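Observations on the model geometry
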Number of protein chains: 2
Amino acid sequence: MVRIVVDAMGGDNAPGEIVKGAVDAVSRKDGIEVILVGKQDVVEKELGAYSYPKDRIRIVHASEVIETDEPPVNAIRKKKDSSIVVGMNLVKNGEADAFVSAGCSGAILVGGQFIIGRIHGVERSPFGALIPTEKGPAILLDSGANVDARPAHLVQFARMGSIYMEHVIGISKPRVGIVNIGAEEEKGNALVKETFPLLKACDDIHFIGSVEARDIPHGGADVIICEAFTGNVILKMYEGVATVLIDTLKKGLMSSLRSKIGALLIQPALRASMKDFDASKLGGAPMLGLNGLVVKTHGSSKAGEVSNSIIQCVTFKEQEINEKIKASLRVESEK
Amino acid sequence: MVRIVVDAMGGDNAPGEIVKGAVDAVSRKDGIEVILVGKQDVVEKELGAYSYPKDRIRIVHASEVIETDEPPVNAIRKKKDSSIVVGMNLVKNGEADAFVSAGCSGAILVGGQFIIGRIHGVERSPFGALIPTEKGPAILLDSGANVDARPAHLVQFARMGSIYMEHVIGISKPRVGIVNIGAEEEKGNALVKETFPLLKACDDIHFIGSVEARDIPHGGADVIICEAFTGNVILKMYEGVATVLIDTLKKGLMSSLRSKIGALLIQPALRASMKDFDASKLGGAPMLGLNGLVVKTHGSSKAGEVSNSIIQCVTFKEQEINEKIKASLRVESEK
């Protein structure tokens, strides 16, 4: 049984979509127990709308909620009875294996590092956002946790990302690329120039060199390495460009009778071809290198993404990802 | 008469599309004289295919070509008779006002700084890529020239970009935003945190604070400030995501008879709504802060983009952009 804490109060669509996602996950997959953390009465009421196996979802009460605009360090320190703090303490105390939240990234980040804590030897815990590409999902890390990271951190990101992609997503020998502004080794900023030879020297990953941002959506690498400022820019550009293009397309389709009829005709084909680019199918961003697993889903997550993120935790646990990360750190320190 | 040197040998479609673009520009706009620099016989042959006012296009011979994969500093030093070096020398010697090329960015960058030279007081010359947004074009600078720039450089980029957007593109009080990973002032990496208060203190620009990458395609700012690594990632993500989505869309449309019929019906509406996102209409990326003007167009430029880039140089000259940049530096140094 994998025990997964779900933050019932986090995200734009909490608690409705979160609770719905939890119910969906336990009915889709055996071997999961979900612990919904949040205001007892609110969560109970939402849960009451569904029929589900009662022994596989339980509620743990937390009276407070951390809001998106709160300074994260303060929020984690002061709101001891918030869903994030209570939920993460369950993981810390061994009462649960993983924590899933659509809540405030900053608080999740701080809580992950200070409540759950990093695996001994891991210097920074990155967010690894799963992004769609023409060749299937890739992991982008660090997608938002540690700005101004150092070369040694990026090397650990590469190792942890490779383990995740191989054992959770199922890509054998995942291609690791470092985000760069040209293909050649001598290109790049100081951080990239310093990190490049370190990655090249790792014989436990499949390093393919630089990956230009342009090639990321084409599937140029499976594990995309960068520090968090760049990673966040990549992730947000992906969302922004896709949203604007799709909105423009939709407006165009609605502009005349002729195009409206056309829109009806193309709809099924379009839906089929675009479904590989639906990021919500991929589940949330795991925060790697912690003593447990934390998964951050989009703030705007609906039930489907929540449910996928819960199920993703099962593979993480079954595949013993943290044990594999520890083993890779032993290899590193023996060098 | 504005005299514009055009590198006839640079880019994937040289010399054919370049020469075609030059002919197009002189027939579309009065007051331009184009100097095509390249191999005399090759350019002459291309030009022979068109009728055009003979007194407004002339050829200056250059026997060498700098290839994309050459180390730029070396190439500029050794290939004294290349189209880039010969063309830039025409600007340096006052025989021309501007230089347009679709050739190797690195060589254009090095040539711009070392042959044409920076305006006294300008510390770095950024590339300012013009990018399409929902609210019209925005300038992204630095989009690729100076990695690891310092805060003072970014402040100059903001001033030069504002002058360009106001007087060349015609946006009054252009909104200046610094690329950041959150909206709040305390967010960001060390560079952004240091630059933010400096921009806030500039009373000659309209600084609106942070702009998240997600908001860039929505038109969140008119002048988008970042160092070149981030800028290049933004530019390349824009291209990459757009290409992948449009390719996927096209594949979907061709997947069944029904969708093919639909595609025919939506085509005119789609073309109309997508035309605002056609980057080639905006012309190339000006390299700002030089004693003259250098415009870098896409390596894959066709005649339309070349022609637009040539015409863009006329406004630059007529609006006396470099004189305005010099004046803004005087304001800066008097503070």
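Residues numbered from 1 in each chain as written. Chains lettered and ligands numbered in written order. Predicted model: local features only at pLDDT ≥ 70, side-chain atom pairs only at ≥ 80, totals over all residues. Heavy atoms only, no water.

This part takes up the environment of Arg175 of chain B. Residue and element names in this part refer to chain B. Along the chain, Arg175 falls in strand 7 (residues 175-180). Residues Arg175 and Asn232, spaced 57 residues apart in sequence, show a C-alpha to C-alpha distance of 21 Å. When residues no more than four places from it in sequence are discounted, the contact partners of Arg175 are Lys135, His206, Ile208, Gly219, Gly220, Ala221, Asp222 and Val223. Within polar-contact distance, the side chain of Arg175 engages the backbone oxygen of Gly220 at 3.4 Å. (Helix = DSSP H or I, 4+ residues; strand = E, 2+ residues; numbered from the N terminus. Contact = heavy atoms within 4.5 Å. Polar contact = N/O pair within 3.5 Å; in protein donor to acceptor, adjacent residues only side chain to side chain.)

Before going further, it helps to spend a moment on the side chain of Ser328 of chain B. Residue and element names in this part refer to chain B. Mapped onto the fold, Ser328 is located in helix 11 (residues 321-334). Since its relative accessible area comes to 10%, Ser328 is described here as buried. Excluding residues within four positions of it along the chain, Ser328 makes contact with Arg159 and Ile163. (Buried < 20%, exposed > 50% of the residue type's maximum accessible area, 1.4 Å probe, protein only.)

Screw-axis analysis of chain A against chain B gives a translation of 0.0 Å along the axis, an RMSD of 0.0 Å, and a rotation angle of 180 degrees. Taken together, these values place the two copies in the relation of a two-fold axis. Within chain A, the C-alpha atom positioned nearest to the axis of rotation is that of Gly262 of chain A, 1.9 Å from it. By residue overlap, the copies meet face to face through one surface: 100% of the interface positions of chain A are interface positions in chain B. (Least-squares fit on C-alpha atoms with pLDDT ≥ 70 in both.)

Here the amide bond leading from Ala14 of chain B into Pro15 of chain B is cis, since omega sits at -5 degrees, within 30 degrees of zero. Within the element layout of this structure, Pro15 of chain B appears in the loop between strand 1 (2-7) and helix 1 (16-28). The residue after Leu141 of chain B, namely Asp142 of chain B, is reached through a cis peptide bond having omega 10 degrees. With respect to the secondary-structure elements, Asp142 of chain B resides in the loop between strand 6 (138-141) and helix 6 (151-169). Positive phi values are uncommon outside glycine, yet Lys173 of chain A reaches one of about 50 degrees. Its location among the elements puts Lys173 of chain A in the loop between helix 6 (151-169) and strand 7 (175-180).

This part is about the confidence of the model for chain A. For chain A, mean pLDDT is 93; residues scoring 70 or higher make up 100% of the total. When pLDDT is averaged over each helix and strand of chain A, the minimum, 86, is found for helix 9 (residues 257-274) of chain A and the maximum, 98, for strand 9 (residues 223-225) of chain A. (pLDDT = per-residue confidence, 0-100.)

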